[in-house]
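The lines below spell out each chain.
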Amino acid sequence: MRFVGYLICFLGLGLTLWAFYPGLMSPDSIASLGEGRSGIIYDQNSAIMSYLWGFLDEVVAGPGLMLVLQAGVFWAAILCLWEAAYRESLLLGLALVVFPFMPQILSQLPVIWKDVEMATTLLMSAALVLFAKKKKSKIALLLSPVFLFYGFAARLNSLPAVLPLAIWTGFVAASVFELQKSRLAPVMVGASYFVVLLVSVFAFQAMITEGRTSYPFQMVQLYDLAAISIRNGEPRFPEYIVENRNFSMDGVRANYTPTTVGTLVYAGESRDGRLPVLEVVETQAKIGYLRATWQRQVSQNPGAYLTHRLEVFAQLVGLGRSVSLQYWDPTLSRNPPEFATTTNGASRLLTAYFGIFQRPVMQTFFFRAIVWILLCFYLLYRSVRSQLAGDWDFVFVLSVSSLLYIFSYFFIAPAADFRYVYWPAIASAVAVIFGVYLLRKEKAERTVEA
């Protein structure tokens, strides 16, 4: 039966490439490609993604190789999970190779986004560590840091997602390399591994950006100040914002929405079609002023700040009416003409399939992260209750990684785009599959004992 998993994974990869090659590009994708080509890389988009894309673009111009790479890594990770599981349970193995066809998983895979790159490489790292744990494979374990490093670097705010994976890797490494001379050894290995990753990622980021920054966190700060200003009925921004000729409180009120900061800061997205009402800057002095203003206003207006953050987070996790941009279909694509996708039977079929789940009821079970949050909390409880025995440690780690990453967005979400919770979508799905299998296995064992 081994070939079944391979066949499904190859079909999944082939379907992705057939339907969406050379890949779907958003404005972020275009900016990342431009930086990769010029070699002048900033931190607004993923620096490591731009850096890699620059090399791949010299081989095959455009997004094609990036799509092949991220889709290939994703399906290779699924294949690793199959290899780690199918001999123990064919049903478990089949669930692991079929779940990627769920709409919340497959819909994001064709888009060249740092969120997708992060999620696919974190999954690959986790799959390799699980494989190493089950097969005592040192090679798989030594390969996993390559993918965890890339996933960490793809989005620096992935730190909460990476930390549990790094610590767990330390426990598996201590077992595979027989380092368990004391109870603290696995913890020390995992903690040291995380510190090395952290230092390496930030050093690499500094090297390829050469210190260039567009101060991306200003988007969040401006978003928060807009909400505080509206609540107080007067501008609570730095002077350089208020003095800008495009600024007005009426414009702030008209363009503020808990689903995105974009209508406030990006030209062409404002509701009245005018230039953005809030100015985005790249000068250190103004950023320092913005930071000081933001800190002061948040401390003086905690209620307005937390209400705003809660409204944005509610939209992101699906407590609002819906989350934004469940998928980036070909009609939304910003691909330059020379890299245009070709509509075919596969792309029409998949786009129609994804579209079904924009409906409120269908969306609830697949695109609302609140469902995954509740499931992950339950899985954490069952994992601890089972003392992390067997594969419950894997369930525990994926659940913690998913929850920490989701809740970190309470403070930093600039919008309610689904791509921000793509890693939790994947991690929680794998955790649920393993959790259901383990619960059924425990129930069967109790029945036999009785």
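Thresholds, definitions, all that
- Residues numbered from 1 in each chain as written.
- Predicted model: local features only at pLDDT ≥ 70, side-chain atom pairs only at ≥ 80, totals over all residues.
- Heavy atoms only, no water.
- Helix = DSSP H or I, 4+ residues; strand = E, 2+ residues; numbered from the N terminus.
- Buried < 20%, exposed > 50% of the residue type's maximum accessible area, 1.4 Å probe, protein only.
- Contact = heavy atoms within 4.5 Å.
- Areas by Shrake-Rupley, 256 points an atom, 1.4 Å probe, with all protein chains shown as cover.
- Lys, Arg positive; Asp, Glu negative; His and termini not counted.
- Charge placed at Lys NZ, Arg CZ, Asp CG, Glu CD.
- Expected span 1.5 Å × (residues − 1).
- Axes fitted to C-alpha atoms, helices over the stretch in contact; angles between N-to-C directions.
- Parallel < 35°, antiparallel > 145°, perpendicular 65-115°, else oblique.
- Left-handed = near helix turned anticlockwise from the far one by under 90°.
- Salt bridge = Lys/Arg side-chain N within 4 Å of Asp/Glu carboxyl O.
- Patch = residues over 30% accessible without salt bridge, like charges linked within 9 Å, V, L, I, M, F, W, Y side chains within 5 Å.
- Core = buried A, V, L, I, M, F, W, Y, C linked by side-chain atoms within 4.5 Å.
- Phe/Tyr/Trp six-rings, centres within 6.5 Å; stacked < 30°, edge-to-face > 60°.

Undergrad: Explain the overall build of the chain here, please?
TA: Helix and strand content of the chain: 21 helices and zero strands. With the principal axes as the frame, the chain shows a C-alpha extent of 75 × 50 × 45 Å. Looking at the chain residue by residue over its 450 residues, the buried ones come to 55%. Counted over contacts in the chain with a minimum sequence separation of 6, partners at least 24 positions apart contribute 76%. As displayed, the chain offers around 19400 Å² of accessible surface, 65% of which is attributable to carbon and sulfur atoms. Computed over 35 positive and 29 negative side-chain charges, the separation of the two mean positions in the chain equals 8 Å.

Undergrad: In this structure, what is going on with helix H7 (residues 114-135)? I would like to understand it.
TA: Because each turn of an α-helix spans 3.6 residues, side chains separated by three or four positions end up pointing in the same direction. End to end, H7 covers 31 Å across 22 residues, agreeing with the expected 32 Å (1.5 Å per residue, within 8%). The element H7 is largely enclosed, with a buried count of 18 among its 22 residues. Residue Lys 136 follows H7 closely and has a positive phi angle near 55 degrees.

Undergrad: Is there a simple way to think about unusual backbone geometry in this case?
TA: With the exception of glycine, the majority of residues adopt a negative phi angle, and the majority of peptide bonds are in the trans configuration. At the junction of Tyr 21 and Pro 22, the peptide bond is cis and its omega measures out at 10 degrees in the coordinates. Not every positive phi belongs to a glycine, and Glu 210 is a case in point at roughly 55 degrees. By the secondary structure assignment, Glu 210 is in the loop between helix H10 (185-209) and helix H11 (218-232). Despite not being glycine, Tyr 215 has its phi angle at roughly 50 degrees, a positive value. Tracing the backbone shows Tyr 215 in the loop between H10 and H11.

Undergrad: I tried to follow the packing of H11 against helix H15 (residues 284-300) on my own but got confused; where do I start?
TA: At a minimum axis distance of 10 Å, the contact between H11 and H15 shows a crossing angle of 45 degrees. Looking at the two axes, H11 sits oblique to H15. Regarding H11 and H15, the two cross each other, and that crossing is left-handed. In this structure, H11 contributes Gln 218, Gln 221, Leu 222, Asp 224, Leu 225 and Ile 228 to the contact, and H15 contributes Ile 287, Leu 290, Arg 291, Thr 293, Trp 294, Gln 297 and Val 298.

Undergrad: Please explain the environment of Tyr 193 as it appears in this structure.
TA: As for its placement among the helices and strands, Tyr 193 is situated in helix H10. Look at Tyr 193 and you get buried, because its relative accessible area is 15%. What Tyr 193 contacts, discounting residues up to four positions off in sequence, is Ser 144, Pro 145, Leu 148, Ala 166 and Thr 169.

Undergrad: Any chance you could explain the environment of Leu 94 here in plain terms?
TA: Position of Leu 94 among the secondary structure elements: in helix H5 (residues 90-98). Separated by 319 residues in the primary sequence, Leu 94 and Ala 413 place their C-alpha atoms 35 Å from one another. What Leu 94 contacts, discounting residues up to four positions off in sequence, is Val 4, Ile 8 and Trp 82.

Undergrad: Help me understand the pattern of salt bridges in this model?
TA: Here the idea is simple: oppositely charged side chains can pair when their charged atoms come close. If you walk through the whole model with that rule in mind, you get 17 salt bridges. Salt bridges linked by common partners bring Glu 88, Lys 133, Lys 134, Asp 391, Asp 393 and Lys 441 together as one network.

Undergrad: Can you help me understand a nonpolar patch on the surface in this one?
TA: Where nonpolar side chains cluster on the molecular surface, the patch consists of Tyr 21, Val 59, Val 60 and Val 68 and spans about 340 Å² of accessible area. Residue position: Val 59 is located in helix H3 (residues 47-59). Classification of Val 59 by relative accessible area gives exposed; the value is 64%.

Undergrad: Any chance you could explain the nonpolar core here in plain terms?
TA: Generally speaking, soluble globular proteins have nonpolar side chains that are buried together. Ranked by internal contacts, the top residues of the largest apolar core, which has 148 residues, are Leu 264, Leu 278 and Trp 423. Dropping the residues within four chain positions of it, Leu 278 is found in contact with Leu 222, Ala 226, Phe 237, Ile 241, Phe 247, Val 252, Leu 264 and Val 265.

Undergrad: Can you walk me through the packing of aromatic side chains in this structure?
TA: To describe a pair of aromatic rings, you give the distance between the ring centres and the angle between the ring planes. In this structure the tally under the stated criterion is 24 aromatic pairs. Look at Tyr 353 and Phe 354: their rings are 5.6 Å apart centre to centre, the planes differ by 45 degrees, and that puts the pair in the tilted class. Considering the side-chain rings of Tyr 409 and Tyr 420, the 5.3 Å spacing of their centres and the 20 degrees angle between planes classify their relative orientation as stacked. With Tyr 409 in helix H20 (residues 392-412) and Tyr 420 in the loop between H20 and helix H21 (422-449), this residue pair connects regions lying eleven residues apart in the sequence. This pair shows no difference in class: Tyr 409 is buried, exactly as Tyr 420 is. Taken together, the ring pairs connect Phe 313, Phe 377, Phe 407, Phe 410 and Phe 411 into an aromatic cluster.

Undergrad: Can you help me understand a positive patch on the surface in this one?
TA: A contiguous patch of positive charge on the surface is contributed by Arg 385, Arg 440, Lys 443 and Arg 446. Counting residues per element, the positive patch draws most heavily on H21, which supplies three residues. In this structure, Lys 443 sits in helix H21.

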